[in-house]
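Residue strings, one per chain:
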Amino acid sequence: MMKQLRCILCFSVCLVLLILCGCQNASEDQAPQSPPATETTAERLIREIDGAYKEAQKLPESSTTVGMVNLANTYKEKWVQVADEYYNKLMQYDGVITPAEHYATSEDLHRYIADMKTAWEQYNQAQCENYLKVLIACYQGGTIVGPLIAQYEYDLQMEWALELVYICQMFCIA
């Protein structure tokens, strides 16, 4: 009899906890997500592009190998556009860069940024080629390789775009 009462008590406690947790999660799901008041450009871009990418990954058409690759490539292109936009802003910048004792010209900045882009392109190509080789060796060329390399390329492109955004923020370039 005592054992049955303990089981009923445990069941009741679990039921109450389940109901309370369910209500709390439901209220969290219903709360609208608004951006923070002090959101940086980089945070906004991550929220908009990467957030949309993560939401699109949940769609049925993104559950196939081809769907995953296409989705990653589509959103990678959005980061390419961001990188191009901020690269162009930096290349058009003509303000003073540093205090007078360490004066550098905007032409210097343009050269530094162009050098960074060249180095990044070389790094990106080498990394993708080598990572593809690792994936093929690991998965014997299985169908998972396509989505994994597409995701890797997406991540690298996002990283480069955000790096350019951060540099623009350092120079107060909107």
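Structural data are supplied above this passage.
Residues numbered from 1 in each chain as written. Predicted model: local features only at pLDDT ≥ 70, side-chain atom pairs only at ≥ 80, totals over all residues. Heavy atoms only, no water.

1. A closer look at the overall build of the chain
We apply this condition: The helix and strand labels rest on DSSP assignments: H or I over at least four residues marks a helix, E over at least two residues marks a strand, and numbering proceeds from the N terminus. Under the scheme applied here, a residue whose accessible area is under 20% of the maximum for its type counts as buried, over 50% as exposed, and between as partly exposed, the area being computed with a 1.4 Å probe on protein chains only. Any two residues whose heavy atoms approach within 4.5 Å at even a single point are treated as in contact.
Secondary structure summary: the chain contains five helices and zero strands in total. Taken over 174 residues, the chain has a buried fraction of 28%. Within the chain, residue pairs in contact and separated by at least 24 positions form 67% of the contacts whose partners lie at least 6 positions apart.

2. Looking at the nonpolar core
For clarity, the cut-off: For the purposes of this section, nonpolar cores are sets of buried Ala, Val, Leu, Ile, Met, Phe, Trp, Tyr and Cys residues that join through side-chain atoms within 4.5 Å.
Counting residues in hydrophobic clusters, the biggest one holds 30 residues, and the most contacted among them are Trp79, Val82 and Leu90. If near-sequence neighbours (up to four positions away) are discounted, Leu90 is found in contact with Leu109, His110, Ile113, Leu164, Ile167, Cys168 and Ile173. The next biggest cluster of nonpolar side chains, apart from the first, holds six residues, and it includes Cys128, Val145, Ile149 and Tyr152.

3. With respect to helix H3 (residues 65-92)
Defined as follows: Expected helix span is taken as 1.5 Å per residue step, with the number of steps being one fewer than the number of residues.
Compared with an ideal rise of 1.5 Å per residue, which puts 28 residues at 40 Å, H3 spans 41 Å between its outermost C-alpha atoms and is within 8% of the ideal. Of all the residues in H3, the buried ones are Gly67, Leu71, Ala72, Tyr75, Lys76, Trp79, Val82, Ala83, Tyr86, Tyr87 and Leu90. Buried-residue contacts for H3 involve helix H2 (41-56), helix H4 (106-139) and helix H5 (145-170).

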